[in-house]
Amino acid sequence: ERSRGLGDVYKRQIMLRYLGVDLNIYKPQFIQRRLTIRMKALNINNIDEYIAILRKDPRELNMLLDNLTINVSQFFRDPHVWRVVEEEVFKPLIKLKSSKGNKLIRIWSAGCSRGEEPYTISIILHEILGPSIKDFMITIYATDIDPNAIKSAKLAAYDMGSLVNVPKHILGKYFRYDRIRNKYYLKDFVKRIVKFQVHDVTTNPPFSHIDVIFCRYLLIYLSKETQLKVVTNFSRVLNSRGFLILGSPEFLPEDLYNIFTVVNLKARIYR
């Protein structure tokens, strides 16, 4: 048992070396499922054989990284949550900023995948503020560990699978359809306030003085220790009374109950 455990540690270190991702942050069951998917695709049963492929084939590295980072999302994912966010987060935040003469709004979409979430945020803010959005200094920081996801997010080209929750009037107002490519391209004015960069959410945050952090459908893949580390880091960069929004299957780590209060438990909104 001991030698097998040491072997597992060694193999994890190899994975870390080639992927640049510390597998210890993930739940073991999640890693096993993802590795099994790739090994089955290659008709491989032995982890050592798979590591040998990782050493010599950069394409497989990208495939495994894509499997580990779960780049699946949609615009307005969980529509009921976005309605609550609009009424209980964005509108009160805008009212508070306006009353204090502070027009600076900073939002962070952590684990942004291919951009659906941060662009949804931009669309909602444009809908709320209309032309007066120009009176505010709004920045939506969008980060993901996967460079390919960030590259795709900057392109902002989507098929209908990503847009099933988008109302028709929103689709026509904020997207341009390309019949040749059969893609919907987000209009530039929506993209303008979104800033993308590659970042591992388990490391120190690259921002400070944030009003709202979205981290949805990411914590469920992380170990409890890593969840605590990530959310603690969020608490350090959030402004006083700043908002944290998690995904529907996720809850605040118990150790942080004294730092956050519940705004809307069903929508997983904390302050």
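Residues numbered from 1 in each chain as written. Predicted model: local features only at pLDDT ≥ 70, side-chain atom pairs only at ≥ 80, totals over all residues. Heavy atoms only, no water.

> Pulling in residues and values, what's your account of the confidence of the model for the protein chain?
Averaged over all residues, the pLDDT of the protein chain equals 88, while 87% of them reach at least 70. Across residues 1-7, confidence stays below pLDDT 50; counting only partners more than four residues off in sequence or on other chains, it has zero contacts. (pLDDT = per-residue confidence, 0-100. Contact = heavy atoms within 4.5 Å.)

> How would you explain the pairing of strand 8 (residues 238-246) if you had to name every residue and give the values?
Where strand 7 (residues 210-215) lies against strand 8, five bridges are found, and the strand directions are parallel. Looking across to strand 8, one finds that Cys215 is bridged to Leu246. This β-α-β element, strand 7 to helix 10 (residues 224-237) to strand 8, shows right-handed connectivity. Relative to strand 10 (residues 269-270), strand 8 runs antiparallel, the two being bridged by two bridges. Residue pairing for strand 10: Leu244 is matched across the bridge by Tyr270. (Pairing = 2+ DSSP bridges. Helix = DSSP H or I, 4+ residues; strand = E, 2+ residues; numbered from the N terminus. Right-handed = clockwise from strand over helix to strand, strands pointing away.)

> Give a detailed account of the environment of Ser152, specifying residues and quantitative values.
Within the secondary structure, Ser152 is located in helix 7 (residues 147-155). Assessed through its relative accessible area of 24%, Ser152 is described here as partly exposed. On a C-alpha basis, the gap between Ser152 and Arg114 in space is 5.7 Å, while along the polypeptide they are 38 residues apart. (Buried < 20%, exposed > 50% of the residue type's maximum accessible area, 1.4 Å probe, protein only.)

> So what about the sheet that holds strand 5 (residues 183-186)? Which residues, and what values?
Pairing is antiparallel across the open sheet formed by three strands, whose spatial order is 3-5-4. The open sheet terminates on both sides in strands that have one partner only, identified here as strand 3 (157-158) and strand 4 (175-178). In the sheet, strand 3 pairs with strand 5 via two bridges, with the strands oriented antiparallel. Bridge pairing in strand 5 links Tyr158 to Tyr184.

> Pulling in residues and values, what's your account of the sheet that holds strand 8?
Strand order across the open sheet formed by seven strands is 6-2-1-7-8-10-9, with mixed pairing between neighbours. Looking at strand neighbours, the two that pair on one side only are strand 6 (194-198) and strand 9 (262-264), the edges of this open sheet. Along the sheet, helix 7 contacts strand 2 (137-144) and strand 6; its crossing angle with strand 6, the most-contacted strand, is approximately 160°. (Axes fitted to C-alpha atoms, helices over the stretch in contact; angles between N-to-C directions.)

> Summarise the environment of Leu222; cite the residues concerned and give the values.
For Leu222, the position within the fold is in the loop between strand 7 and helix 10. The class for Leu222 is buried, based on a relative accessible area of 2%. The spatial distance from the C-alpha of Leu222 to the C-alpha of Thr202 is 9.6 Å, given a sequence separation of 20 residues.

> So what about unusual backbone geometry? Which residues, and what values?
Look at Asn43: it is not a glycine, yet its phi comes out positive at around 60°. Tracing the backbone shows Asn43 in the loop between helix 2 (28-41) and helix 3 (47-56). If you check the backbone angles, Phe76 has positive phi at about 55° while not being a glycine. Overall, Phe76 belongs to the buried group, its relative accessible area being 11%.

> Go over the side chain of Gln227 with me, naming the residues and quoting the values.
Counting through the fold element by element, Gln227 comes out in helix 10. Taking the relative accessible area as the measure of exposure, Gln227 reaches 13% and is therefore buried. A polar atom in the side chain of Gln227 sits 2.8 Å from the backbone oxygen of Leu219. (Polar contact = N/O pair within 3.5 Å; in protein donor to acceptor, adjacent residues only side chain to side chain.)

> Explain the environment of Glu60 to me, using residue names and the numbers behind them.
Structurally, Glu60 is set in helix 4 (residues 58-69). A sequence separation of 18 residues divides Glu60 from Leu42, and the C-alpha atoms of the two residues are 9.7 Å apart. Beyond its immediate chain neighbours, meaning those up to four positions away, Glu60 contacts Arg38, Leu42, Tyr50, Ile53 and Leu54. For Glu60, the side chain forms a polar contact with the side chain of Arg38, separated by 2.9 Å.

> Describe the pattern of salt bridges, with residues and values.
With the rule as written, the count across this model stands at eight salt bridges. A salt bridge links Asp78 to Arg216, with the nearest nitrogen and oxygen atoms 2.8 Å apart. Remark: Arg216 occurs in the loop between strand 7 and helix 10 and Asp78 occurs in the loop between helix 4 and helix 5 (79-99); sequence separation between them is 138 residues. There is no split in this pair, since Asp78 and Arg216 are both buried. Here Asp178 makes a salt bridge to Arg181, at a shortest N to O gap of 2.9 Å. Look at Asp178 and you get buried, because its relative accessible area is 12%. It is possible to trace a salt-bridge network through shared partners that takes in Glu86, Glu87 and Lys91. (Salt bridge = Lys/Arg side-chain N within 4 Å of Asp/Glu carboxyl O.)

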